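Residues per chain, in single letters:
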Amino acid sequence: IFYINQESIKLNDVKPIILGLVLNPELDSLMRVSLKKWDKRYSLFKKVEDDIIINIANDLMPTDGKNIQYLQLQSIWNTFCLTEPIFHDIRFRGRLEDIVTNRINIAHGNQSAADVGTRMTLSEIKARVDDVSAFCSYFISVFEDYIVNKKYKK
C-alpha cells in the first residue's frame, strides 16, 4: 500500500475493485449512519467525481481479521486484483489449515503446545517451517511483481 500511495495516482486510474481500499473510510462511514444521511453518500461520490489522488491507509488489511486462512488470502487476492494462484503449491492449503487449527486449539486451551509438538518429529517440524518459508517467499514475490509492474492500474 505504501508504494501505491507514493505514486500519487488518481482515483480513476486504479482498477475499480481497488476502490474498496481507497474509499474504505467513506464506505465504513456509510455503514454506520442513518439512511437519512445523504451527505455521506454525496461525499463519497464527490471524491469519485473529483478524481482525487488516492491514499490508502497503510495498515488496512482486506480480511475479517481472523487467522490467515484460505478465505482471508482469497479476500486479499480479490481486493488487489491478483491473477496469480493463491498458493505456490496447492498442497500448502492443507498445511496452512493444519497450522491454523493447531494454533486455535492451543489458544483456546483445547490442546497444549507440547501436545501438538510431541506428535511431530523434528524433521516434520522443519518441513513445516520450510513450507511456510516457501509460501512467504512466494507471497512476497507476487506482491513485488504487482508493485513493480503497477498491476493496480487500469
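Summary of the structure given here. (Residues numbered from 1 in each chain as written. Predicted model: local features only at pLDDT ≥ 70, side-chain atom pairs only at ≥ 80, totals over all residues. Heavy atoms only, no water.)

**Regarding the overall build of the protein chain**
Applied cut-off: Numbering goes from the N terminus for both helices and strands, where a helix is a DSSP run of H or I of at least four residues and a strand is a run of E of at least two. Atoms counted for the radius of gyration: C-alpha only. Globule rule: 2.2 Å times residue count to the power 0.38. Relative accessibility thresholds used throughout: buried, under 20% of the residue-type maximum; exposed, over 50%; partly exposed, between the two (1.4 Å probe, protein chains only).
Scanning the protein chain from terminus to terminus reveals eight helices and zero strands. In the protein chain, the succession of α and β elements from N to C terminus is α-α-α-α-α-α-α-α. A compact globule built from 154 residues should have a C-alpha radius of gyration of about 15 Å, whereas the protein chain, at 20 Å, is more than 25% larger. Considering the protein chain as a whole, with its 154 residues, one finds that 27% of them fall into the buried category.

**Digging into the nonpolar core**
This is how it is decided: The criterion is simple. A nonpolar core is a set of buried Ala, Val, Leu, Ile, Met, Phe, Trp, Tyr and Cys residues joined through side-chain atoms within 4.5 Å. Here, two residues are considered to be in contact whenever any of their heavy atoms come within 4.5 Å of each other.
In this structure, I4, I54, W77, F80 and Y146 are the most contacted members of the largest nonpolar core, which totals 29 residues. Of all the elements in the fold, those that place two or more residues in this core are α2 (19-22), α5 (70-79), α6 (91-107) and α8 (122-148). Not counting residues up to four positions away in its chain, the partners in contact with Y146 are I4, I18, F80, L82, K151 and Y152.

**Digging into the layout of surface pockets**
Note the following rule: Using a 1 Å grid laid over the protein atoms alone, points where a 1.4 Å probe fits but cannot get out form a cavity; open sets with protein on both sides within 12 Å along at least 5 of 7 lines form a pocket; any residue with an atom within 4 Å of a point counts as lining. Grid points are joined across faces, edges and corners, and a volume is the space filled by probe spheres set on the points.
The calculated volume of the largest pocket comes to roughly 160 Å³. Around the largest pocket, the lining residues are I99, N102, V116, G117, M120, I125, R128 and V132. Where the lining of the largest pocket is concerned, the elements lending two or more residues are α6, α7 (113-118) and α8. Ranked by residue count, the leading element in the lining of the largest pocket is α8, at three residues.

**Observations regarding unusual backbone geometry**
A negative phi angle is the norm for most residues apart from glycine, just as the trans form is the norm for most peptide bonds. Its identity as a non-glycine residue notwithstanding, S8 has a phi of 50°, on the positive side. The topology assignment puts S8 in the loop between α1 (2-6) and α2. With relative accessibility at 44%, the residue S8 sits in the partly exposed group. Positive phi is not limited to glycine here, since D51 has a value of about 50°. Structurally, the position occupied by D51 is in the loop between α4 (38-50) and α5. Residue classification places D51 among the buried positions, given a relative accessible area of 17%.

**Quick word on the side chain of N5**
Within the fold, N5 resides in helix α1. Among all residues touching N5, those that are not within four sequence positions of it are I54, N55, I56 and N58.

**Observations concerning the packing of helix α3 (residues 24-32) against α4**
The geometry of a pair of packed helices is captured by two quantities: the angle between their axes and the separation between those axes. Put simply, the test is: Comment: axis = line fitted to C-alpha atoms, over the contacting stretch for helices; angle = value between 0 and 180 degrees taken between N-to-C directions. Roughly parallel here means an angle under 35 degrees, roughly antiparallel means over 145, roughly perpendicular means 65 to 115, and every remaining angle is called oblique. In this scheme the crossing of two helices becomes right-handed for a clockwise turn of the near helix relative to the far one and left-handed for an anticlockwise turn of less than a right angle. Nonpolar residues are Ala, Val, Leu, Ile, Met, Phe, Trp, Tyr, Cys and Pro. Charged residues are Asp, Glu, Lys and Arg, and all others, Gly as well, are polar.
Between α3 and α4, the shortest axis-to-axis distance is 9 Å and the interhelical angle comes to 165°. By the criterion of interaxial angle, the relationship of α3 to α4 is roughly antiparallel. Between α3 and α4 lies a crossing whose hand is left-handed. Contact with α3, carried on its side by E26, L27, S29 and L30, involves K40, R41, L44 and K47 of α4 and no other residues of that element. Taken together, the residues that form the contact of α3 with α4 break down as three nonpolar, one polar and four charged.

**Things to note about the packing of aromatic side chains**
Here is the rule: Only centres within 6.5 Å qualify two rings of Phe, Tyr or Trp (six-membered ring in Trp) as a pair; their planes then separate them into stacked at under 30 degrees, edge-to-face at over 60, and tilted for everything else. Lysine NZ or arginine CZ positioned within 6 Å of the ring centre and within 35 degrees of the ring normal marks a charge as sitting over the ring.
Scanning the entire structure with this criterion turns up 13 aromatic pairs. Ring geometry for F2 versus Y3: centroids 5.4 Å apart, planes at 80°, classification edge-to-face. Assessed through its relative accessible area of 44%, F2 is described here as partly exposed. Taken together, Y70, W77, F80, F87, F92, F135, F139, F143, Y146 and Y152 form an aromatic cluster joined through their ring pairs. Over the ring of W38 we find R41, and its NZ or CZ is 3.8 Å from the ring centre.

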